[in-house]
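# Coordinate inspection notes
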Amino acid sequence: MKNKKDEYYRYFNENILDKVRKFEQERISIVKKVVFSSSLYFLSGLFLAFIVIFVKFSPIYKFILVPVILFLMYACILKSIVNFIIAGKDFQNLLYEKVLPLFLPPYANFKKWPKNHNTDVIIESKLFHNFDTQEDVSSFFGVYNGTNIIISDSRLKMPVKGVNKPDLFKGTLIELELEKRIDNHVIMFSKNEKKFNNYKQINPHIEEMNKYLYVFAKNNKNLEFISETFWDTVKRFGEIYTAKGFELSYKDNVVLIALRQKKPMLFGFLFRSLLKAKNYDDLIERFIVIFDLVDILNS
């Protein structure tokens with residue numbers, strides 16, 4: 001993994017650094033504006049608090065003015081906090097739209113891919129038995145080590161009546177079309193996910209894996225890929241993607257990984273410089289863990 005990260009650092013310094021300088025200036029401008037406006041609102045809130053504590057109102061106006069001033073005080077303090085939240089979200093959108101594409105070329109040469117392209121693969125994976133529609137926010141396609149890779153920020157909607165259908169799944173879907181094929185269908189999911197299938201449950205001789213994952217297989221063939229190295233890599237998916245739930249299907253030569261997340265593919269921080277390669281580690285490692293899994297499964 002270290003060599004891959006070093007390659008990303010080199011690529012950043014040679015191909016990305018100059019391109020993000022303008023975004024860094026925009027980030028600094030956003031920080032200055034939000035700090036100034038939030039400080040102004042916060043000081044206004046403190047001033048109103050001072051009025052409530054130290055100013056003695058006549059009984060005639062007290063019951064009217066004090067509640068109004070208290071309301072304005074809380075509103076100002078709340079606004080000073082909300083400003084940071086809104087600025088952070090706007091900055092995340094900037095990173096997703098402008099900076100993320102700059103990190104797509106290394107190793108897999110990812111390109112934008114048509115949305116909702118892999119619905120059949122999702123159905124055949126048997127990870128989701130009953131969903132109405134697939135709605136991809138974005139999708140990228142690349143090739144690494146002879147393996148086709150599709151990464152999608154996806155929503156799967158529940159089959160219920162109504163305009164606003166709830167999400168059955170929201171998060172990142174990763175599809176791998178490997179060179180190596182197994183005559184089997186293996187399904188894994190974290191124990192906080194409620195899933196059912198007709199396959200036989202198996203218990204790999206990996207104590208930590210059995211603690212966190214359920215593993216099912218259509219038959220007992222071609223299970224050699226489930227090793228300590230495989231588990232160590234799978235475990236990193238949950239950590240790096242900050243996933244609330246993990247699911248994996250390996251059928252023939254197609255792997256589908258579903259990582260349930262509240263906010264998929266977020267990276268970066270408003271108060272962190274865009275000019276340091278190390279500040280992109282959370283994004284870089286999301287790509288690297290996919291490549292590591294491909295290397296393991298193709299070996």
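Let us look at the structure shown here. Everything quoted here is computed from the prediction, not taken from an experiment.

Definitions and limits used
- Residues numbered from 1 in each chain as written.
- Predicted model: local features only at pLDDT ≥ 70, side-chain atom pairs only at ≥ 80, totals over all residues.
- Heavy atoms only, no water.
- Pairing = 2+ DSSP bridges.
- Helix = DSSP H or I, 4+ residues; strand = E, 2+ residues; numbered from the N terminus.
- Contact = heavy atoms within 4.5 Å.
- Axes fitted to C-alpha atoms, helices over the stretch in contact; angles between N-to-C directions.
- Core = buried A, V, L, I, M, F, W, Y, C linked by side-chain atoms within 4.5 Å.
- Buried < 20%, exposed > 50% of the residue type's maximum accessible area, 1.4 Å probe, protein only.
- Phe/Tyr/Trp six-rings, centres within 6.5 Å; stacked < 30°, edge-to-face > 60°.
- Lys NZ or Arg CZ within 6 Å of the ring centre and 35° of its normal.
- Parallel < 35°, antiparallel > 145°, perpendicular 65-115°, else oblique.
- Left-handed = near helix turned anticlockwise from the far one by under 90°.
- Nonpolar A, V, L, I, M, F, W, Y, C, P; charged D, E, K, R; others polar.

### So, the sheet that holds strand β9 (residues 254–260)
On the basis of which strands lie adjacent, the open sheet formed by nine strands has the order β1-β2-β3-β4-β9-β8-β5-β7-β6 and antiparallel pairing. Whereas interior strands pair on both sides, the edge strands pair on one side only; in this sheet they are β1 (111–112) and β6 (200–202). Inspection of the sheet shows β1 paired to strand β2 (residues 133–144) by two bridges, in the antiparallel sense. Counted as the bridge partner of K112 is F140 from β2. Helix α5 (residues 228–240) rests against β4 (167–177), β5 (185–190), β7 (213–217), β8 (245–251) and β9 of the sheet, and its axis sits at about 135° to β8. On the sheet, helix α6 (residues 281–298) packs against β2, β3 (147–157), β4, β8 and β9 and is oriented at approximately 125° with respect to β3.

### Description of the nonpolar core
Counting 69 residues, the largest nonpolar core has F103, M188, I226, F230, F237 and F287 as its most contacted members. For this core, the element with the most residues is α6, which contributes eleven residues. Apart from the residues lying within four places of it in its own chain, the contact partners of I226 are M188, I202, P204, I206, M209 and V215. By size, the runner-up hydrophobic cluster in this structure holds 13 residues, among which are I122, F169, F189 and F216.

### Describing the packing of aromatic side chains
This model, assessed by the stated rule, comprises 19 aromatic pairs. Taken together, a centroid distance of 5.6 Å and an interplanar angle of 35° make the contact between F110 and F287 tilted. You can see F110 sitting in the loop between α2 (59–99) and β1 and its partner F287 sitting in helix α6, a full 177 residues away along the chain. Assigned by exposure class, F110 and F287 land together as buried. Look at F189 and Y214: their rings are 5.6 Å apart centre to centre, the planes differ by 55°, and that puts the pair in the tilted class. Taken together, the positions of F189 in strand β5 and Y214 in strand β7 put the pair 25 residues apart, joining distant regions of the chain. For Y214, a relative accessible area of 30% translates into the label partly exposed. We note K191 situated over the ring of Y214; from NZ or CZ to the ring centre the distance is 5.0 Å.

### Considerations on the pairing of β7
Burial runs high along β7: four of the five residues are buried. As judged from the five bridges shared by β5 and β7, these two strands associate in the antiparallel manner. Within β7, the position partnered with S190 by the bridge is L213. In terms of strand pairing, β6 meets β7 through three bridges, oriented antiparallel. Within the sheet, the bridge partner assigned to K200 lies in β7 and is A217.

### Structural notes on the packing of α5 against α6
Contact pair α5 / α6: the axes reach a minimum separation of 10 Å and the direction vectors enclose 155°. With respect to α6, the axis of α5 lies roughly antiparallel. Where α5 crosses over α6, the handedness of that crossing is left-handed. For the pair formed by α5 and α6, the contact residues are T229, F230, T233, R236, F237 and I240 on the first element and D282, E285, R286, I288, V289, I290, D292, L293, I296 and L297 on the second. Per-class residue counts for the contact of α5 with α6 are nine nonpolar, two polar and five charged.

### Notes on the side chain of D281
Locating D281 in the fold gives a position in helix α6. Given the relative accessible area of 14%, D281 is considered buried. Once residues within four sequence positions are removed from consideration, D281 is found in contact with K5 and Y9.

Nothing here speaks to function; it is geometry throughout.
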